[in-house]
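# Structural overview for review
What follows is each chain in one-letter form.
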Amino acid sequence: MNIFLAIVFVCANAIPIQSCGEDNAQEVRKVRVSNELGCTGGWQEIIARTDLSQDVGKTAYLKTECRRVKQAE
């Protein structure tokens, strides 16, 4: 059985979208979800709870990624 990680990166506007990742994001949040569809929602609430929410759309942007993680059987 597979699980998925929804990963949200908060990156400065100066960082190109294709370069935004774990190594240069201002904030990285990971949430375990049950399927790929789960990666598309819920992250807004996670970021809204942080201090960085004030920067999104002004000096920073969000990038999301969905990763499949195999569980040990």
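Our structure's up above, just so we're on the same page.
Each helix and strand counted, the chain has 1 helix and 3 strands in total. Mapped from its N terminus to its C terminus, the chain presents α and β elements in the order β-β-α-β. In terms of its C-alpha atoms, the chain occupies a principal-axis envelope of roughly 45 × 25 × 15 Å. With 73 residues in all, the chain has 30% of them scored as buried. Contacts in the chain between residues at least 24 apart in sequence constitute 69% of all its contacts with a sequence separation of at least 6. Of the roughly 4,900 Å² of accessible surface on the chain, a fraction of 49% belongs to carbon and sulfur atoms. Within the chain, the 9 negative side-chain charges are centred at a point lying 3 Å from the centre of the 9 positive side-chain charges.

Spatial ordering of the open sheet is given by β2-β1-β3, a layout of 3 strands whose pairing is antiparallel. The open sheet terminates on both sides in strands that have one partner only, identified here as β2 (27-33) and β3 (60-70). Within this sheet the neighbouring strands show an average axis-to-axis angle of 20°, counted without direction. Sheet topology note: the strand β1 (residues 2-12)/β2 ladder contains 7 bridges and is antiparallel. Among the inter-strand pairings, Leu5 is bridged to a residue of β2, identified as Arg32.

The subject of this paragraph is the pattern of salt bridges. The final tally for this structure, using the stated rule, is 5 salt bridges. Residues Glu36 and Arg68 are paired through a salt bridge, measuring 3.8 Å at the closest nitrogen-oxygen approach. With Glu36 in the loop between β2 and α1 (43-48) and Arg68 in strand β3, the pair connects residues that are 32 residues apart, well separated along the chain.

This part is about the side chain of Lys63. By the secondary structure assignment, Lys63 is in strand β3. Within the buried set, Lys63 has no salt-bridge partner at all; the shortest N-O distance to an opposite charge, 5.3 Å, is to Glu65. A polar contact is formed between the side chain of Lys63 and the backbone oxygen of Cys20, at a distance of 3.1 Å. With residues near it in sequence (within four places) discarded, Lys63 still touches Ile7, Val8, Phe9, Ile17, Gln18 and Cys20.

Definitions and limits used
- Residues numbered from 1 in each chain as written.
- Predicted model: local features only at pLDDT ≥ 70, side-chain atom pairs only at ≥ 80, totals over all residues.
- Heavy atoms only, no water.
- Helix = DSSP H or I, 4+ residues; strand = E, 2+ residues; numbered from the N terminus.
- Buried < 20%, exposed > 50% of the residue type's maximum accessible area, 1.4 Å probe, protein only.
- Contact = heavy atoms within 4.5 Å.
- Areas by Shrake-Rupley, 256 points an atom, 1.4 Å probe, with all protein chains shown as cover.
- Lys, Arg positive; Asp, Glu negative; His and termini not counted.
- Charge placed at Lys NZ, Arg CZ, Asp CG, Glu CD.
- Pairing = 2+ DSSP bridges.
- Axes fitted to C-alpha atoms, helices over the stretch in contact; angles between N-to-C directions.
- Salt bridge = Lys/Arg side-chain N within 4 Å of Asp/Glu carboxyl O.
- Polar contact = N/O pair within 3.5 Å; in protein donor to acceptor, adjacent residues only side chain to side chain.

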